[in-house]
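Now for the letters of each chain:
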Amino acid sequence: MQEINQGILYIVATPIGNLEDITLRAIKTLKEVDLIAAEDTRRTLKLLNHLNISKPMVSYHRHNEEIRVDSLIKQLKEGKNIALVSDAGTPGICDPGEEIIKKCIEEEIMLVPIPGACAMINALIVSGIDTKEFTFLGFLPLNKKSRKNKLEEIKNSNKTIIIYEAPHKMKNTLEELRSILEDRKVVLAREITKIHEEYIRGNVEDLLKIIDDLKGEMIIIIEKTNTKKENELNSLTLEEHYNFYKNQGLEKKEIIKKIAKDRNVNKNEIYKQFI
Ligand code: SAM
């Protein structure tokens, strides 16, 4: 159980461009905490100045995350309330945060999220691509083998895919995607909430034609694997149908459920065919 005199770690979302995108609760929290742990203190200082808040800050970034955790935990145990912020958006989402959050759970220190902007959610909701089920991949891995596996996952995904990418790597990533996506819909969400905000819809080929002229922060949203293909599944043999889902990495139980649904029959009937 949490000790009464311990402080609380607030995970505070900050704007992803437009400084007005901060909640009243986030402002109140930043005003009331004893200390702000910020990914880049200079960047957060600009936000604090805009909000007329003056508060002690300490840096908490990817390169000092591990060493900083102990001192922050100590201060939380002494009763200090701390706000964790990243440069933009929600901490922990492709930003520092995970380490201290895990440690707080271990040490039974209370965690309170203060919701707000997150780039991927905003890109997704205006993409026009299916929002019911999606996979957020963050930045694609740099390691060759892991990257190849990720691309394979994207190729076969039956869920919408969301990818973050640095501007200078975007062209290369789109070129890699060209070889696996065929004509699937792709949306590039650029500079969300900023002056040059735009959403470019098309396929990878369309995006590659203009990518050299695009600057700023961007997110790629990709439609799930060809739905037409799924509609054609029922003309396959049962074995081919099974292998289609197996190649997507699904487990036997799930495959049988899916085949039954596609063919509009009871799953026990399909199950019997496989024993
Ligand atoms: N924590 C952030 C969040 O909540 O979304 C993400 C930080 S991550 C280090 C930065 C990446 O997020 C960028 O490379 C870009 O892909 C995406 N991103 C952040 N802000 C964006 C914006 N305003 N417009 C488009 N993409 C953005």
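About the thresholds
- Residues numbered from 1 in each chain as written.
- Predicted model: local features only at pLDDT ≥ 70, side-chain atom pairs only at ≥ 80, totals over all residues.
- Heavy atoms only, no water.
- Near = heavy atom within 4 Å.
- Polar contact = N/O pair within 3.5 Å; in protein donor to acceptor, adjacent residues only side chain to side chain.
- Areas by Shrake-Rupley, 256 points an atom, 1.4 Å probe, with all protein chains shown as cover.
- 1 Å grid on protein atoms, 1.4 Å probe; cavity = no way out; pocket = protein on both sides within 12 Å on 5 of 7 lines; lining within 4 Å.
- Sits in = over half its atoms within 2 Å of the grid points.
- Helix = DSSP H or I, 4+ residues; strand = E, 2+ residues; numbered from the N terminus.
- Nonpolar A, V, L, I, M, F, W, Y, C, P; charged D, E, K, R; others polar.
- Domains from an automatic or database assignment.
- Pairing = 2+ DSSP bridges.
- Axes fitted to C-alpha atoms, helices over the stretch in contact; angles between N-to-C directions.
- Contact = heavy atoms within 4.5 Å.
- Buried area = accessible area lost by both parts, 1.4 Å probe.
- Salt bridge = Lys/Arg side-chain N within 4 Å of Asp/Glu carboxyl O.
- Buried < 20%, exposed > 50% of the residue type's maximum accessible area, 1.4 Å probe, protein only.

**Re the site of the ligand**
Okay, so step 1: Surveying the vicinity of the ligand reveals 19 residues, the closest of which are Thr-90, Ile-93, Asp-95, Tyr-164 and Met-218.
Okay, so step 2: At a separation of 2.9 Å, an oxygen atom of the ligand approaches a polar backbone atom of Ala-119.
Okay, so step 3: Between a nitrogen atom of the ligand and a side-chain N or O atom of Glu-217, the distance comes to 3.3 Å.
Okay, so step 4: In isolation the ligand offers 580 Å² of accessible surface; the protein chains occlude 92% of this area.
Okay, so step 5: When each cavity is represented as a set of grid points, the ligand is found to reside in the largest pocket.
Okay, so step 6: Elements supplying a minimum of two residues to the shell around the ligand: β7 (160-165) and β10 (218-222).
Okay, so step 7: Across the shell around the ligand, the residue classes tally to 12 nonpolar, two polar and five charged.
Okay, so step 8: Inspection of the shell around the ligand shows a minimum of three residues originating in each of domain 1 (8-117) and domain 2 (120-224).

**Section: the sheet that holds strand β5 (residues 110-114)**
Okay, so step 1: Strand order across the open sheet formed by five strands is β3-β2-β4-β1-β5, with parallel pairing between neighbours. Edge strands, defined here as strands with exactly one partner in the open sheet, are β3 (57-59) and β5. Neighbouring strand axes in the sheet, compared pairwise and without regard to direction, differ in orientation by 25° on average.
Okay, so step 2: Direction of pairing for strand β2 (residues 35-38) relative to strand β4 (residues 82-85): parallel, over a ladder of four bridges. Its bridge partner being in β4, Leu-35 is matched across the sheet by Ile-82.

**Some remarks on the domain arrangement of the protein**
It is common to give the size of an interface as the accessible area lost on bringing the parts into contact.
Okay, so step 1: Considered domain by domain, the protein is made up of domain 1 (8-117), domain 2 (120-224) and domain 3 (228-273).
Okay, so step 2: Of note, the centres of domain 1 and domain 2, computed from C-alpha atoms alone, are 28 Å apart.
Okay, so step 3: Listed per partner, the contact involves six residues of domain 1 and seven residues of domain 2.
Okay, so step 4: On the domain 1 side of the interface with domain 2, the three residues burying the most area are Ile-16, Ile-93 and Cys-94, jointly 71% of the side's total.
Okay, so step 5: Linking domain 1 with domain 2 are zero salt bridges, by the criterion used here.

**Some details on the environment of Leu-188**
Okay, so step 1: Positionally, Leu-188 belongs in strand β8 (residues 186-190).
Okay, so step 2: Looking at Leu-188, the relative accessible area reads 0%, which means it is buried.
Okay, so step 3: Once the C-alpha coordinates of Leu-188 and Lys-132 are considered, the two residues, 56 residues apart in sequence, prove to be 19 Å apart.

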